[in-house]
Amino acid sequence: GDGTTRRVRFDVPVEVNILSNRRRVPPYGLAGGATGATGHNRVLRADGSVEELPGVAQAMIEPGDRVEIDTPGGGGWGAE
């Protein structure tokens, strides 16, 4: 299945904490179904750089930075 992408832009300095899973091990499929996609966390800095974050992370965010979270997709059901 498809996951969802969320982006949050910040106008003030903040500290963010992320607690997520399925970032390294994809969601499994059942009855022969394929695995889903893993999720990703990252900070899109105002200067254009990208900081990849693990599933459990803490980051300092500056004005203009965005936090992007790709949720994992679901595993499939049944043979394709």
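Whatever comes next refers back to the structure up there.
Just so you know, these numbers come straight off a predicted model, no measurement behind them. (Residues numbered from 1 in each chain as written. Predicted model: local features only at pLDDT ≥ 70, side-chain atom pairs only at ≥ 80, totals over all residues. Heavy atoms only, no water.)

Trainee: Honestly, the sheet that holds strand E6 (residues 66-70) in this entry has me stumped. Any pointers?
Mentor: Pairing between the strands of a sheet comes from backbone hydrogen bonds, and it takes one of two forms, parallel or antiparallel. Pairing is antiparallel in the open sheet, where four strands are placed in the order E1-E6-E3-E4. Every other strand in the sheet has two partners, leaving strand E1 (5-9) and strand E4 (50-53) as the edge strands with one partner each. Sheet twist, expressed as the average angle between the axes of neighbouring strands with direction ignored, equals 20°. Of the pairings in the sheet, the one linking E1 to E6 comprises five bridges and is antiparallel in character. Bridging from a neighbouring strand, Arg7 pairs with Glu68 of E6. (Pairing = 2+ DSSP bridges. Helix = DSSP H or I, 4+ residues; strand = E, 2+ residues; numbered from the N terminus. Axes fitted to C-alpha atoms, helices over the stretch in contact; angles between N-to-C directions.)

Trainee: Explain a nonpolar patch on the surface to me, please; I cannot follow it from the model alone.
Mentor: A contiguous nonpolar patch, built from Tyr28, Leu30 and Trp77 and spanning about 430 Å² of accessible area, is present on the exposed surface. In this structure, Trp77 sits in the segment after E6. A residue is classified by how much of its surface remains accessible, and Trp77, at 69% relative accessible area, is exposed. (Patch = residues over 30% accessible without salt bridge, like charges linked within 9 Å, V, L, I, M, F, W, Y side chains within 5 Å. Areas by Shrake-Rupley, 256 points an atom, 1.4 Å probe, with all protein chains shown as cover. Salt bridge = Lys/Arg side-chain N within 4 Å of Asp/Glu carboxyl O. Buried < 20%, exposed > 50% of the residue type's maximum accessible area, 1.4 Å probe, protein only.)

Trainee: Help me out: how do you make sense of the side chain of Asp65 in this one?
Mentor: Considering the arrangement of structural elements, one finds Asp65 in the loop between strand E5 (56-61) and E6. Overall, the relative accessible area of 3% leaves Asp65 in the buried class. Reaching out from Asp65, the side chain makes a polar contact with the backbone nitrogen of Ala46 at a distance of 2.8 Å. Residue contacts for Asp65: discarding those within four places in its chain leaves Val8, Arg9, Phe10, Val43, Leu44, Arg45 and Ala46. (Polar contact = N/O pair within 3.5 Å; in protein donor to acceptor, adjacent residues only side chain to side chain. Contact = heavy atoms within 4.5 Å.)

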